[in-house]
Each structure stands twice: as structure tokens, then as C-alpha cells.
Protein chains: 2
Amino acid sequence: MTPRPVPRSTVARLPIYLRALEELTAQGVTTTSSGQLAELAGVGPAQLRRDLSFLGSHGVRGVGYDVEHLGEQVATALGVTADLAVVIVGVGNLGHALANYVAGTGQGFRVAALVDADPTVIGTVVAGLEVEDVAGLEEVVRREEATVAVLAIPSAVAQEVCDRLVEAGVTGILTFVPRVLQVPEGVDLRSVDLGTELQILAFHEQRKAALRG
Amino acid sequence: MTPRPVPRSTVARLPIYLRALEELTAQGVTTTSSGQLAELAGVGPAQLRRDLSFLGSHGVRGVGYDVEHLGEQVATALGVTADLAVVIVGVGNLGHALANYVAGTGQGFRVAALVDADPTVIGTVVAGLEVEDVAGLEEVVRREEATVAVLAIPSAVAQEVCDRLVEAGVTGILTFVPRVLQVPEGVDLRSVDLGTELQILAFHEQRKAALRG
DNA sequence: TAGTGTGAACGTTTTCACAGCT
DNA sequence: AGCTGTGAAAACGTTCACACTA
């Protein structure tokens, strides 16, 4: 056993492999190969084997991988074996969609609480949970022992809410706010921004247009 | 002038720089430095200078960068100077949020059309636009001369809709569907998946827990 | 024989450190 | 004097190609 550190780029692909393995399980497939799995994941076979090698040797030469066993290994590596409590801050359209997504497909997660600042939203029930007042954010985080939060709130209040979450004990934040947030060492921040994604597409559209134009 | 190819990783950061430059403009700042801009963007000064160097030399040694001029250069490089038509497919909570986002902050984009399959949604007005029937997807794409589409629909129909979009002339797709999509050469696909993002956070949470536990 | 696991080659991205310009 | 722009070095990531083994 050689517990090498798993590279960032590999970690980013593990969830895709896990989904592919779940699909295969659902189809009743019990054994797979790096070729098949790579195809499903949209990567090269060599890359897939290299990625999996960081989790240890779980394949059988000449045969392939046991779908169920490999699925367990990937899930264990990702740390999605026990449900992680997630607090969603901001229950507009986006927060609403996120809450339903996590509540629905929640493999490895559960929506621990929903929080908003809008009095017309507080008290309503979304994804089976009553929306609570952001004023009690710290209590909610401590009550649920949540370490992960999702931010779907206006830019203007994002840094303040982020600071309060960290102060209350959150160490992982997924933000949909189009703004750079500052977090202390030891807190992981992942940012998803529609504007950024569209602008990257715009760049490639321009390049393609230039080649023709 | 040396029009070197802009690396992928640099392209991914340009939108962040553009936002930072717009913030500075809003604050009335006319000149900035790699140090200040890097701070706002959350990257190192050397990385920022290297990134900007791919767009040509626009800084002044000993002084810094002209905020307005640099903003124009970055916008031009990204291809967000003229509004790009975007079709949003799927107007559930997520599609709704995306439509409002693009319609609101739309620097470089405009929502050309909204499309859905649900009869109770078709005909309703969202973000100032009437939702159209997905049955007429191809006509909508051609009518608006849209080259970019956003997918916020159920997994089961995603590949089919994707194929139809490509067939109709779309060459850039941003998908929020948790599934690997196949697109032909020449079509750019960017994927955003909440489940993947949360699982990456779970990985880091586990690592931190292991260091303490 | 078929398919894994991995050393080695290759390509990309980041960082350093400083020459060069204003 | 101060900040940019960039060679050179280091770090990181991907792909190749094949030895190895069930």
C-alpha cells in the first residue's frame, strides 16, 4: 500500500468516475475496463488508469475492475461515504434549484438547513425544509454541525456572510457569487460563476469566427 | 505586436481580471498595478503579468496599467465587445435563475430565447421573454442566429437536446446537467455540476478531519 | 491474451528573478 | 525609483509504451 497524495486534477475527475460507476451498477454491469470507464467519463484510458492508481491497485491485469469494489474505493477516497451536512444560504431561484438538487440526488450530502434574509421567504418550505432567518446563521451552523455551505446570495453581502460562516466553523464553501471572496487558510473555497463560463465560451466562439470570417 | 496563442488557463482567468477592472472603473480608479489587480483577482502578481503579456504589452514600466485601456484589451481578447446571443434550454428554477442573471448583468451577452418542454411553463414570461416550446428549438436557434446555448434540463433528455442544438448551428454549450455529453469536434462544451463541486469539497473536508481526528 | 500499473518522455502552467524602460 | 515584461527554472499534469500478471 502506497498512500501517495492525490493530485488536485485527479480529485476533480473522481466524481465523474463515481457517476460512471453508479451508471454501470444500475445497468447490472459488474466488471469494467479502463477503456469502457474512460469512454463513459470522457477521458483517455491512460489518464483514468493513472488517476485510479493514486487510490491503490484495485484492478486485475487482463480482466479489469470490479465495478462495486472500485465504486467503494472512489467514494471512500472522496469522503462521500457518510452524509455531509450542507447549509444553503440564499433561497432565490438559484438556491431553490440547488436545494432540490442536493435533496434529490444527494449521494453523500444532506441539506441540513436553508437560510435567507427575505422576510417573505423565511418560513416557507423548500425541499421539505423550513427556511430560517440569516440572522441566526451561526446558531444554525453549530446546531447542524455543518462544515460545508453553499452561497447563492447577492454580491454585496457575500463577503460578510462568508466571514460569519467561517467564524461559525464552516471549512468548505461553494459560492455562486460573481465576486472574489477572501477566506483564511484552512478553508476551501470553490467558485462557480455563470458569467465567467459564458465569457470563456465567448473567447472560443470568437476564435472560431476568426478562422472562418 | 506578437499575437501569441493565449493558454487555456489564462483564458479562464481573464473574466476575473475583467471584473476587477470594472470594479476599479466604478471606483474612479484610472491607473493600477499588477500588485493591486492580482490582489483583487486572488492570484499572484507574476501570474497576472504573465497572463496579460499574452494580450500584448499594455502596461507602462514604473507606472502600471491604465484601467480603461486594459479593460478594453481584456474584453476584446475575450470577445465580449458585441453582445452574443444565448439560448437557455430548460426554465425550471435553475434556468429561471440563469435567465435573470444573464438578462441582468449581461456584459457581452443577451438572452435571445427561453425554451422548455413543460406545457405549464411554455408561454409564461421570464426575464422579459416568453418561454417557447422546445419542439421548435431548431427554428429558434436559426431565427436568433444563436451560437451559444445553456442547458438546464433533466439528464435523460440532455444528449438528445445537445445533438439538436449542434445540428441547428450552436458551437458553444454550457451545461448544468450532471452527465457526460458527447459533442463533435469544433463544438466547445463547458460543464458545471453541483454534485461534482460538493464532492471535491467533501474530499478536502475529509483530509482536514483526518489531520485532526 | 487482454488489460493493468507505471517509468519515462512530453507538454503545460506557475514561479522566480532580474533586465529594461519610464 | 518603481513596475513591467520575460527568459530560465521548477512544478505540475498528460500521454506513451511496455513490462507484468491473472
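What you are looking at is a predicted structure, and each value in this text was computed from that prediction instead of being measured.

### Side note on the overall build of chain A
So, step 1. Regarding its fold elements, chain A presents 8 helices and 10 strands.
So, step 2. For chain A, the C-alpha atoms occupy an extent of roughly 60 × 55 × 35 Å along the three principal directions.
So, step 3. Out of the 213 residues belonging to chain A, those deemed buried represent 47%.
So, step 4. Within chain A, counting contacts between residues at least 6 apart in sequence, those at least 24 apart form 54% of the total.
So, step 5. Just so you have it, chain A exposes about 10,200 Å², and 52% of that area is on carbon and sulfur atoms.

### Some words on the protein's contact with DNA strand D
So, step 1. Every one of the 24 residues lining DNA strand D counts as a neighbour, but Arg 13 of chain A together with Ser 34, Arg 49, Arg 50 and Tyr 65 of chain B are closest to it.
So, step 2. Protein-adjacent atoms of DNA strand D, using a 4 Å cutoff, are sugar or phosphate at a proportion of 60%.
So, step 3. Here a phosphate oxygen of DNA strand D and a backbone polar atom of His 58 of chain B are 3.3 Å apart.
So, step 4. One of the side-chain N or O atoms of Tyr 65 of chain B is found 2.9 Å from a phosphate oxygen in DNA strand D.
So, step 5. Elements with a contribution of two residues or more to the surface near DNA strand D: α1 (8–26) and α3 (45–53) of chain A together with α3 (45–53), β2 (59–60) and β3 (64–66) of chain B.
So, step 6. Of the residues assigned to the surface near DNA strand D, the class counts are 6 nonpolar, 10 polar and 8 charged.

### Comments concerning the packing of helix α6 (residues 137–144) of chain B against helix α7 (residues 155–168) of chain B
Residue and element names in this part refer to chain B.
So, step 1. Their axes nearest at 9 Å, the elements α6 and α7 cross at an angle of 35 degrees. Considering the relative orientation of α6 and α7, their crossing is right-handed. For the pair α6 and α7, contact is made by Leu 137, Glu 138, Val 141 and Arg 142 and by Val 161, Arg 164, Leu 165, Glu 167 and Ala 168, respectively.
So, step 2. Considered class by class, the residues forming the contact of α6 with α7 number 5 nonpolar, no polar and 4 charged.

### Overview of the UniProt feature "DNA-binding region" (unreviewed entry) in chain A
So, step 1. The UniProt entry lists residues 16–55 of chain A under the feature "DNA-binding region" (unreviewed entry), expressed in the numbering used here.
So, step 2. What you have in residues 16–55 of chain A is 70% helix and 5% strand, and the ends, taken at the C-alpha atoms, are 15 Å apart.

### Focus on the sheet that holds strand β2 (residues 59–60) of chain A
All names here are of chain A.
So, step 1. With antiparallel pairing, the 3 strands of this open sheet are ordered in space as β1-β3-β2. Each edge of the open sheet carries a strand with a single partner, namely β1 (31–32) and β2.
So, step 2. Examined bridge by bridge, β2 and strand β3 (residues 64–66) share 2 bridges and lie antiparallel to one another. By the bridge assignment, Val 60 is partnered in β3 with Gly 64.

### Details of the relation of the copies chain A and chain B
So, step 1. Mapping chain A onto chain B leaves a residual RMSD of 0.1 Å; the transformation is a rotation of 180 degrees accompanied by 0.0 Å of translation along its axis. Such a combination of rotation and displacement between the chain copies is what one expects of a two-fold axis.
So, step 2. Mapped onto chain B, 100% of the interface residues of chain A are again interface residues, and the two copies thus contact each other with one and the same surface.

### Details of the pairing of strand β9 (residues 172–175) of chain B
A regular strand places its side chains so that they alternate between the two faces of the sheet.
All names here are of chain B.
So, step 1. Across the two faces of β9 the burial is the same, with Gly 172 and Leu 174 and Ile 173 and Thr 175 all buried.
So, step 2. Bridge count for strand β8 (residues 148–151) against β9 is 4 bridges, and the pairing is parallel. Paired with Ala 149 across the bridge in β9 is Ile 173.
So, step 3. Once the chain exits β8 it traverses α7 before rejoining the sheet at β9, and the crossover so formed is right-handed.
So, step 4. Note that β9 and strand β10 (residues 188–191) share 4 bridges and pair parallel. By the bridge assignment for β10, Ile 173 is matched with Leu 189.

### Brief notes about the protein's contact with DNA strand C
So, step 1. The environment of DNA strand C is made up of 24 residues, and the closest members are Ser 34, Arg 49 and Arg 50 of chain A together with Arg 13 and Arg 50 of chain B.
So, step 2. Counting only atoms of DNA strand C within 4 Å of the protein, the fraction found in sugar and phosphate groups is 59%.
So, step 3. With respect to DNA strand C, the backbone of His 58 of chain A contributes an N or O atom lying 3.3 Å from a phosphate oxygen.
So, step 4. Arg 49 of chain B has a polar side-chain atom sitting 3.5 Å from a base nitrogen of DNA strand C.
So, step 5. Those elements giving two or more residues to the surface near DNA strand C turn out to be α3, β2 and β3 of chain A together with α1 (8–26) and α3 of chain B.

### Regarding the sheet that holds strand β7 (residues 129–133) of chain B
All names here are of chain B.
So, step 1. Spatial strand order, β6-β7-β5-β4-β8-β9-β10: 7 strands in an open sheet with mixed pairing. The sheet is open, and its two borders are formed by β6 (125–126) and β10, each paired with just one other strand.
So, step 2. Packed on one face of the sheet, helix α5 (residues 93–105) meets β4 (84–89), β5 (109–116), β6 and β8 and runs near 160 degrees to β5.
So, step 3. Against the sheet, α7 contacts β4, β8 and β9, and its axis sits at roughly 170 degrees relative to β8.

Parameters at a glance
Residues numbered from 1 in each chain as written. Chains lettered and ligands numbered in written order. Predicted model: local features only at pLDDT ≥ 70, side-chain atom pairs only at ≥ 80, totals over all residues. Heavy atoms only, no water. Helix = DSSP H or I, 4+ residues; strand = E, 2+ residues; numbered from the N terminus. Buried < 20%, exposed > 50% of the residue type's maximum accessible area, 1.4 Å probe, protein only. Contact = heavy atoms within 4.5 Å. Areas by Shrake-Rupley, 256 points an atom, 1.4 Å probe, with all protein chains shown as cover. Near = heavy atom within 4 Å. Polar contact = N/O pair within 3.5 Å; in protein donor to acceptor, adjacent residues only side chain to side chain. Nonpolar A, V, L, I, M, F, W, Y, C, P; charged D, E, K, R; others polar. Axes fitted to C-alpha atoms, helices over the stretch in contact; angles between N-to-C directions. Left-handed = near helix turned anticlockwise from the far one by under 90°. UniProt positions renumbered as here; feature names shortened; annotations may be inferred. Pairing = 2+ DSSP bridges. Least-squares fit on C-alpha atoms with pLDDT ≥ 70 in both. Right-handed = clockwise from strand over helix to strand, strands pointing away.

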